Amino acid sequence: MVVQSQLVFDHFAPIKSCKRTALFTGIPVINLKDPEAKIQIVKACEDFGFFKLVNHGVSDELIAALESQTLKFFHLPQSEKEKAGPPDPFGYGSKRIGPNGDVGWIEYLLLNTNPQLISQKSISIFHENPEIFRCLVEEYISAMKEMACQVLELMAEGLKIEKSALSKLLKDERSDCCFRLNHYPPCPELEALSGRNLIGFGEHTDPQIISVLRSNNTTGLHICLRDGNWVSVPPDHTSFFINVGDSLQVMTNGRFKSVKHKVLADPIKSRFSMIYFGGPPLNEKIAPLPSLLEEGEKSLYREFTWWDYKSSAYKSRLADCRLTPFEIK
Ligand code: GA4
């Protein structure tokens, strides 16, 4: 028995584990069609940097079709999946996240959202019918972009600034967005031995303006509240979860804070998630919006472009605070 558990731990050695926390019932829920949504979005971004979006209008059939195609991919033999890797940063990845030694109990496909750039090596893996997958990915990404822009426009209205001030960055044809399909396999052995869950995706904030996450009905997503406590987000496969990213934190001069989050693998069920990351064009200056600065209010950040941020981010570890190098001390 001792030998057996040692083997299990050796196998999982570099992937850390963590205690689960209770399901949190206080996540703000925003109904996209509610006339009060703009006010509620601003409040949710100030209080949590995170909220759940319902009545979003995205077709259930589209979501289900993309989920089923992606699951087919994740169920292929490992050697087949690896033909779409390693991620550079786009492509198929397993256990390794980013270029600097981060690991997690996860496999994923990371795609560029520009149709011309959607990695051919990732798409071609759908040997059964690559075109079906390509079309579903493109249709889903365009639904995500539209919805993210709607949210950003309501947010701008709630902030009493020009309606397109935020959404224009995603609408720009040079916007730098990406799309991630994650599979967190269950990990019952470790659970039985230690009563802990393996970390699927370690704690981090998202770099972009806004992220739109949809998962199946499996728990795992945890967010860090303003008081520093971590809570588990009840899964809801019919809704989307919106994260404030580092860029939006800067554009609001810290009024909104990017939400720290992580994912724990479930001991019994596979977790599957798809996330759209809405980022600005590479040459875009990331700075507090002048219309949001109060009289005499100074920027908390020195001037930088999205390219500067990305160059520095790709040298960082997942848990690092990627805005620190840009803060004015
Ligand atoms: C975190 C959010 C997105 O998943 C991601 C990640 C990216 C990657 O997996 O390549 C990064 C990570 C994420 C932030 C710091 C760098 C880059 C891994 C990493 C260590 C796609 C993104 O945009 O930033």
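Source: prediction; values computed, not measured. (Residues numbered from 1 in each chain as written. Predicted model: local features only at pLDDT ≥ 70, side-chain atom pairs only at ≥ 80, totals over all residues. Heavy atoms only, no water.)

Participant: I'd like a rundown of the overall build of the protein chain, residues and numbers included.
Facilitator: Of regular secondary structure, the protein chain possesses 10 helices and 15 strands. The 329 residues of the protein chain split such that 54% are buried. Counting contacts in the protein chain only where the partners sit at least 6 residues apart, residues at least 24 apart contribute 74% of the total. (Helix = DSSP H or I, 4+ residues; strand = E, 2+ residues; numbered from the N terminus. Buried < 20%, exposed > 50% of the residue type's maximum accessible area, 1.4 Å probe, protein only. Contact = heavy atoms within 4.5 Å.)

Participant: Can you explain the confidence of the model for the protein chain? Please cite residues and give values.
Facilitator: Residue-level pLDDT values for the protein chain average 91, and 89% of them are 70 or greater. Residue range residues 1–10 is modelled with pLDDT below 50. Its contacts to residues more than four positions away, or to other chains, number seven contacts. Here the prediction assigns the complex a pTM of 0.94, and the interface score ipTM is 0.99. (pLDDT = per-residue confidence, 0-100.)

Participant: An account of empty space enclosed by the protein is requested, with residue identities and associated values reported.
Facilitator: A full pass over the atoms with the stated rule returns one cavity of 30 Å³ or more. Approximately 30 Å³ is the volume attributed to the largest cavity. Lining of the largest cavity is provided by Leu-213, Ser-215, Thr-218, Leu-221, Val-233, Pro-235, Phe-241 and Arg-271. Of the residues that constitute the lining of the largest cavity, the class distribution is five nonpolar, two polar and one charged. (1 Å grid on protein atoms, 1.4 Å probe; cavity = no way out; pocket = protein on both sides within 12 Å on 5 of 7 lines; lining within 4 Å. Points joined across faces, edges and corners; volume = space filled by probe spheres on them. Nonpolar A, V, L, I, M, F, W, Y, C, P; charged D, E, K, R; others polar.)

Participant: I'd love a proper account of the environment of Pro-290, names of residues and values included.
Facilitator: Here Pro-290 is to be found in the loop between β14 (285–286) and β15 (304–305). Pro-290 sits in the exposed class, given a relative accessible area of 68%. Placed 68 residues apart in sequence, Pro-290 and His-222 show a C-alpha to C-alpha distance of 33 Å.

Participant: So, the environment of Ala-265: which residues are in play, and what are the values?
Facilitator: Looking at the element boundaries, Ala-265 is found in the loop between β12 (261–264) and β13 (271–278). Distance in space between the C-alpha atoms of Ala-265 and Thr-21 is 13 Å, their sequence separation being 244 residues. Ignoring anything within four residues of it in the chain, the contact list for Ala-265 reads Trp-105, Pro-185, Asn-197, Leu-198 and Gly-200.

Participant: Before we move on, can you summarise the site of the ligand with the specific residues and values?
Facilitator: Around the ligand, 15 residues are found, and the nearest of them are Arg-180, Asp-206, Pro-207, Gln-208 and Phe-277. Separating an oxygen atom of the ligand from a side-chain N or O atom of Gln-208 is a distance of 2.9 Å. One of the side-chain nitrogen or oxygen atoms of Tyr-314 is found 3.5 Å away from an oxygen atom of the ligand. Relative to its free-state accessible area of 460 Å², the ligand is covered by the protein chains to the extent of 97%. Tallied by class, residues from the shell around the ligand come to eight nonpolar, four polar and three charged. (Near = heavy atom within 4 Å. Polar contact = N/O pair within 3.5 Å; in protein donor to acceptor, adjacent residues only side chain to side chain. Areas by Shrake-Rupley, 256 points an atom, 1.4 Å probe, with all protein chains shown as cover.)

Participant: An account of the packing of aromatic side chains is requested, with residue identities and associated values reported.
Facilitator: A full pass over the atoms with the stated rule returns nine aromatic pairs. Ring centres of Phe-50 and Phe-241 lie 5.7 Å apart, and the angle between their planes is 10°; this geometry places the pair in the stacked category. Of this pair, Phe-50 sits in strand β3 (residues 50–54) while Phe-241 sits in strand β11 (residues 240–244), and the two are 191 residues apart along the sequence. Accessibility expressed as a relative area gives 1% for Phe-50, which makes it buried. With a relative accessible area of 3%, Phe-241 lands in the buried category. Relative to Tyr-92, the ring of Phe-73 has its centre 5.6 Å away and its plane inclined at 70°; by these criteria the two rings are edge-to-face. Of the two residues, Phe-73 is situated in helix α3 (residues 60–74) and Tyr-92 in strand β4 (residues 91–97); the sequence distance between them amounts to 19 residues. Overall, Phe-73 belongs to the buried group, its relative accessible area being 1%. An aromatic cluster is built from Phe-73, Phe-74, Tyr-92 and Phe-272, whose rings are joined through pairwise contacts. The aromatic ring of Tyr-108 is capped on one face by Arg-180, whose charged end is 4.2 Å from the ring centroid. (Phe/Tyr/Trp six-rings, centres within 6.5 Å; stacked < 30°, edge-to-face > 60°. Lys NZ or Arg CZ within 6 Å of the ring centre and 35° of its normal.)

Participant: Could you give an account of the pattern of salt bridges, with specific residues and numbers?
Facilitator: For the coordinates displayed, the defined rule picks out 14 salt bridges. Two residues, Lys-43 and Asp-47, come together in a salt bridge whose shortest N-O distance is 2.4 Å. Here Lys-43 and its partner Asp-47 are both found in helix α2 (residues 37–47), four residues apart, which amounts to about one turn of the helix. (Salt bridge = Lys/Arg side-chain N within 4 Å of Asp/Glu carboxyl O.)

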